[in-house]
Amino acid sequence: MQTISIQMENITKTFGALKANEDVNLTVYAGEIHALLGENGAGKSTLMNMLSGIYMPDSGFIYVEGKPVNFTSPKESIELGIGMIHQHFKLVDILTAKENILLGQKKKAGQNDKNLAKEIKDLSDRYGLDLDLNKKVYQMSVGEKQTLEIIKVLYRGARILVLDEPTAVLTPQEIKKLFRIMRNMKEHGCAIVIITHKLNEVMEISDRITVLRKGKSIATVVTKEVEVPSLIEMMVGKKVDLEIDRLPGPGLGESLVVDELTVMDMEGKLALDNISFALKGGEILGVAGVAKSGQKELCEAIAGLIPAAKGRIFFQGDNILGKNPRDIIRLGIRMGFIPEDRLGMGLVGSMDIVHNIVLKDYQNQPGIFLKRGPCIEKANRIVETLDIMTPNVYTPVKKLSGGNIQKVLLGREIDSNPKVLITAYPVRGLDVGASYKIYELLNEQKQAGVGVLFIGEDLDVLMDLCDRVMVLCNGKVTGIVDPTQVTKEEIGLMMTGSALEKEEPSDKNQ
Amino acid sequence: MIKINKRASLPKRKEMMIQALAVLLSLVFAGLVILAMGYNPLEVYYRIVEGSVGTIIRIQQTINKAVPLIIVSMGILVAFKMKFWNIGGEGQIMMGAFGATLVALNLPESVPTPIMLLAMAVMATLCGAIWAFIPAFFKAKFGTNETIFTLMMNYIAIKFVTYMQFGPWKDPSFGGFPKVASFHDNAIMPSLFGLHIGWIIALFAVAGVYIFIHHTKRGYEISVVGESLDTARYAGMNIKAIIITAMLVSGGLCGLAGMIQASAIEKTLTYTISAGYGFTAIITAWLGRLSAPVVGVVCFLFAMLLQGSSFLQASMAIPASVADMIQGVILFFVLGSDFFLQYKVVLKDKKAVKEVA
């Protein structure tokens, strides 16, 4: 009989009218890696936030190592040995690793720099962690920051570790390293809960899986005894075809040519460093890279939102660099950028669908008055063709679900018959079904001859959907590759800066 | 134990109920203060109503106070819609009055009234708009803080007009008394139904601002800029031009109100001509939730409060600053009720919590 580390029984939590968790049950043993699987909005983070004392359940029981607990603050949860690693790191940028570890901690008796360093070193050695304690956080890579977060919670005595989507921002190599650390911790009897929606990772790392769907716990299964398709069925509630098709494109000529583009970011640092590539009509060109490698600046420079320090961007033979956003929109270059908060750019949350459609339309209307008529028609058409779930076109978009918000945004850009479509993170936060709908839409555009620049986060998707993948690292292009010719690990290496031999010669220096 | 939960959404009716309750509570609270002062709050409230709408003359006086408040509020509303915090209404009114006076004192008495008034109105609107353009320009160009900037512009305008009144424009015929010469008859607004025609201008302002915000492209742009600057940028809007036009409209309306005050009420220029309308308008625009017709109604109610309070002073010897106090209390409660519109407070007794845990 294994020791039970955490037991959560019949947990219910509601936010307003939304039932985030309903009668959820979860049992995690000591010395196991337990995956919490579910689509966005299934209630995974809510459940874990209750375990770490951030939320309090409306009803239900939580036991930690057999004892019933009633957390009223995260502090109580930490004292009982529960450590949560959030998706967005909670670190102070200007402090060193050591200072971050000590932040908010009472000084232990007889503690000095030397034995502290030893204590942390012992901890690191035990679990195979590796970090320079005197490095400042802002100088760290994402992987290093995550390691620091782990050391931080371990130093505070965590025996139960919760990781919320830990791999989302890591390269394949960093993921391998993280998994090694997790296995070491498991060997030492820690209980680990990992929240994720990436199935291959779940299969690789976990011992058991609990699937949540729409706030309810559907099943807990042993990883070895289960297949991916049945997991998907549990997650989504129906059978889904998870193949992303790469459809043949019409194979047109070059549509958008970026030539030696250099862009500074807001702080005057180099965001894009002399990059060159060509986007053809009728292809999907993927852009891979760890977060903040220059993706945002690339989008904004093409859309005319930020100035470039150097370079040219040719569209149908003309240099469009230096033109204002309105003129670039008129040329048929459309951008759909989904920021982390979804509504920040591209849509006005408090306005209804019609007025969000008006946003790109009104400037072509003559006179000083606003005509809504054609936009109402357009809104109805987009709602119908993209199957947007909304009471009507007069509903403020912020009241729609994430997938529907993204459909409104993408639908508006597509409806204008663009020649180039730039889409950044279009499936961010979407459930499986909605994501596939978006991929379908992108494929349709490609087949219609549109040049699609697809900036993505999930390497698997990029490799399945795109005709070519361009890899960015620190604002430089480390290569443009044919995804059928390279492995994910190779792209991962390029994301961290090593150029690849296999690079297509035809795409070099375009 | 108290728990605070975010509300999912609120039916319109419940929202209005919460706000009505807030107004009611504010009257109760203000009533307690009045009671502490040794007066009967019910009588005081009754006198306020009686004093503001009790007789035809009082209604006329209330409307006279509502007119500038409405026009200035419409101007403030346009700026606020863009989340441009124009608290420079006072200065813009002042400069509008100055512009009107400049015309009135310099054109000959022989100019026909309509032409005279039109010239004054144009000049007043222009002066108010220029006064608003200065902070708008710096905001658009350099991103300066408009709140401080517009506020400071008030003091410059007030001191400038004071200087004119005590200096160059001091009329010697008042025997050393610092006063600007009274306007000739051709610079004074005519009356309609016993009221100066400012009320017609106020109605036009409400309708005009409503149409501007809801049915013109620029109005739509102003709303988008107010909601999300990034989205506006991304849609290719010319944000600088939008900020500047919105402020020209905002300041222009305030300037026009200044002309009405100078021409119809004071019949000259004084350094107290803005009479706090520029600040009160911030409250009314906000209470009316930036909806032109609602703000219009709120302005009338506030004018009742102002008029009623000056009646209180005369009839019950209660200081008119009671009105200021009531205004403040109403604002406090109504803005405070915003919290309850967004969050729900659930009271739970500790025992129940222990049980579920």
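(A) Inspection of the overall build of chain B at higher detail. When you go through chain B residue by residue, the secondary structure sums to 14 helices and four strands. Taking 357 residues into account, the globule formula puts the C-alpha radius of gyration at 21 Å, and chain B, at 23 Å, falls close to it. In terms of overall dimensions, chain B has a C-alpha envelope of 85 × 60 × 35 Å along the principal axes. For chain B, contacts bridging at least 24 residues in sequence account for 79% of all contacts bridging at least 6.

(B) Region of the structure containing the overall build of chain A. What chain A contains, in helices and strands, is 16 helices and 20 strands. For 510 residues, the compact-globule estimate of 2.2 N^0.38 gives 24 Å, and chain A sits close to it at 24 Å. Reported as C-alpha extents along the three principal axes, the dimensions of chain A are approximately 70 × 50 × 45 Å. Scored against the burial criterion, the 510 residues of chain A give a buried share of 43%. Restricting to contacts in chain A with at least 6 residues of sequence separation, those with at least 24 account for 68%.

(C) Summary view of the interface of chain A and chain B. At the junction of the two partners, chain A supplies 28 residues and chain B supplies 20 residues. The set of elements that each furnish at least two residues to the side of chain A that touches chain B consists of strand E4 (59–64), helix H10 (325–331) and helix H11 (353–361) of chain A. Its residues assigned to classes, the side of chain A that touches chain B comprises 16 nonpolar, ten polar and two charged.

(D) Broad picture of helix H14 (residues 432–447) of chain A. For H14 of chain A, which comprises 16 residues, the first-to-last C-alpha distance of 23 Å matches the rise-based estimate of 22 Å (1.5 Å per residue) to within 8%. Gly449 of chain A sits one or two positions beyond H14 of chain A and adopts a positive phi of about 95 degrees.

(E) How the structure looks around the sheet that holds E4 of chain A. Residues and elements named next belong to chain A. Read across the open sheet, the four strands follow the order E2-E1-E4-E5; overall the sheet is antiparallel. At either end of the open sheet lies a strand with only one pairing partner, and these are strand E2 (18–29) and strand E5 (67–69). The sheet shows a mean angle of 25 degrees between the axes of neighbouring strands, taken without regard to direction. As paired strands, strand E1 (residues 4–15) and E2 are joined by eight bridges and run antiparallel to one another. Within E2, the residue paired with Lys13 across the bridge is Asn21. Set on the sheet, helix H1 (residues 44–51) makes contact with E1, E2 and E4; between it and E1 the angle comes to about 120 degrees.

(F) Molecular detail of the nonpolar core. One finds Ile71 and Met120 of chain B to be the most contacted residues of the largest nonpolar core, which totals 181 residues. Look past the residues within four positions of Ile71 of chain B in its chain and what remains in contact with it is Ile201, Ala202, Ala205, Leu253, Leu256 and Ala257 of chain B. Formed by 56 residues, the second largest nonpolar core is a distinct cluster that contains Ile33, Ala42, Ala97 and Ile209 of chain A.

(G) Quick peek at the domain arrangement of chain A. All names here are of chain A. The domains assigned to chain A are domain 1 (4–236), domain 2 (254–332 + 417–507) and domain 3 (345–407). For domain 1 and domain 2, the distance between their C-alpha centres works out to 33 Å. If you look at the interface, domain 1 gives ten residues, while domain 2 gives 15 residues. Listed by contribution, the elements that provide at least two residues to the side of domain 1 that touches domain 2 are helix H6 (172–187) and helix H8 (228–236). Taken together, the residues of the side of domain 1 that touches domain 2 sort by class into six nonpolar, three polar and one charged.

(H) Quick peek at the sheet that holds strand E11 (residues 254–264) of chain A. All names here are of chain A. Strand order in the open sheet made by the four strands is E12-E11-E14-E15, with antiparallel pairing throughout. Of all the strands in the sheet, just strand E12 (270–280) and strand E15 (318–319) have a single pairing partner and so form its edges. Both E11 and strand E14 (residues 310–315) contribute to a ladder of five bridges, which runs antiparallel. By the bridge assignment, Thr262 is partnered in E14 with Lys310.

(I) Geometry of the pairing of strand E8 (residues 191–196) of chain A. Residues and elements named next belong to chain A. Across the six residues of E8, six count as buried, placing the element largely inside the fold. Along E8, one buried face is formed by Ala191, Val193 and Ile195 and the opposite face, lined by Ile192, Ile194 and Thr196, is buried too. Of the pairings in the sheet, the one linking strand E3 (residues 33–37) to E8 comprises five bridges and is parallel in character. Across the sheet, His34 pairs through a bridge with Val193, a residue of E8. As paired elements, strand E7 (residues 160–164) and E8 share five bridges and run parallel to each other.

(J) Region of the structure containing the confidence of the model for chain B. Here chain B averages 88 in pLDDT, and 94% of its residues register 70 or above. Scoring the predicted complex yields pTM 0.77 and, for the interface, ipTM 0.78.

(K) Spatial organisation of the domain arrangement of chain B. Residues and elements named next belong to chain B. Its domain assignment divides chain B into domain 1 (1–39 + 318–357) and domain 2 (60–308). Each of domain 1 and domain 2 was reduced to a C-alpha centroid, and the two centroids are 33 Å apart. The partner domain 2 presents four residues to the five residues of domain 1 that form the contact.

(L) Quick peek at the environment of Tyr439 of chain A. Residues and elements named next belong to chain A. Mapped onto the elements, Tyr439 comes out in helix H14. A count of 19 C-beta atoms within 10 Å places Tyr439 in the partly exposed class. Here the alpha-carbon distance between Tyr439 and Leu465, two residues 26 residues apart in the chain, equals 7.6 Å. Setting aside chain neighbours within four positions, we find Tyr439 in contact with Ile244 and Leu465.

(M) Region of interest: the packing of helix H2 (residues 41–53) of chain B against helix H12 (residues 292–316) of chain B. Residue and element names in this part refer to chain B. Look at H2 against H12: their axes get within 7 Å of each other, and the N-to-C directions meet at 110 degrees. By the criterion of interaxial angle, the relationship of H2 to H12 is roughly perpendicular. Packed against H2, whose contacting residues are Val44, Arg47, Ile48, Val49, Gly51, Ser52 and Val53, the element H12 presents Met304, Leu305, Gln307, Gly308, Ser309, Phe311, Leu312, Ser315 and Met316 at the interface. Grouping the amino acids of the contact of H2 with H12 by side-chain chemistry returns nine nonpolar, six polar and one charged.

(N) Spotlight on H2 of chain B. All names here are of chain B. Taking 1.5 Å as the rise per residue, H2 with 13 residues should run 18 Å; its terminal C-alpha atoms sit 18 Å apart, in good agreement. Buried within H2 we find Val44, Arg47, Ile48, Gly51 and Ser52. Looking straight down H2, one finds its buried side chains confined to an arc of 120 degrees; they lie on one side. Buried-residue contacts for H2 involve helix H1 (12–36), helix H3 (56–81) and H12.

(O) Molecular detail of unusual backbone geometry. Residue and element names in this part refer to chain A. In this model, Gln316 sits at a positive phi of 50 degrees, which is unusual for a non-glycine residue. Mapped onto the elements, Gln316 comes out in the loop between E14 and E15. Residue Gln316 is classed as partly exposed on the basis of its 15 C-beta neighbours within 10 Å. Although it is not a glycine, Asp387 adopts a positive phi angle of roughly 60 degrees.

(P) Focus on the environment of Ile150 of chain A. Residues and elements named next belong to chain A. With respect to the helices, strands and loops of the structure, Ile150 is situated in helix H5 (residues 142–155). Along the backbone, Ile150 and Ile181 are 31 residues apart, and their C-alpha atoms lie at a distance of 9.5 Å. For Ile150, the contacting residues outside a window of four places in its chain are Ile85, Leu129 and Ile181.

(Q) The pairing of strand E6 (residues 82–85) of chain A, seen in detail. Residue and element names in this part refer to chain A. What you see with E6 is no split at all: Ile82 and Met84 on one side and Gly83 and Ile85 on the other are buried throughout. Judged from the four bridges that link them, E6 and E7 form a sheet pairing that is parallel. Pairing of Ile85 across the sheet is with Leu163, part of E7.

(R) Representation of the environment of Arg312 of chain A. Residues and elements named next belong to chain A. Relative to the elements of secondary structure, Arg312 occurs in strand E14. A count of 16 C-beta atoms within 10 Å places Arg312 in the partly exposed class. Sequence separation between Arg312 and Val202 is 110 residues, and the spatial gap between their C-alpha atoms is 44 Å. In contact with Arg312, other than residues within four places in its own chain, are Asp259, Asn319 and Leu321.

About the thresholds
- Residues numbered from 1 in each chain as written.
- Chains lettered and ligands numbered in written order.
- Predicted model: local features only at pLDDT ≥ 70, side-chain atom pairs only at ≥ 80, totals over all residues.
- Helix = DSSP H or I, 4+ residues; strand = E, 2+ residues; numbered from the N terminus.
- Rg over C-alpha atoms; globule rule 2.2 N^0.38 Å.
- Contact = placed C-beta atoms within 7 Å.
- Buried ≥ 20, exposed ≤ 12 C-beta atoms within 10 Å, placed from the backbone.
- Nonpolar A, V, L, I, M, F, W, Y, C, P; charged D, E, K, R; others polar.
- Expected span 1.5 Å × (residues − 1).
- Pairing = 2+ DSSP bridges.
- Axes fitted to C-alpha atoms, helices over the stretch in contact; angles between N-to-C directions.
- Core = buried A, V, L, I, M, F, W, Y, C linked by C-beta atoms within 7 Å.
- Domains from an automatic or database assignment.
- pLDDT = per-residue confidence, 0-100.
- Parallel < 35°, antiparallel > 145°, perpendicular 65-115°, else oblique.
- Arc of directions from axis to C-beta.

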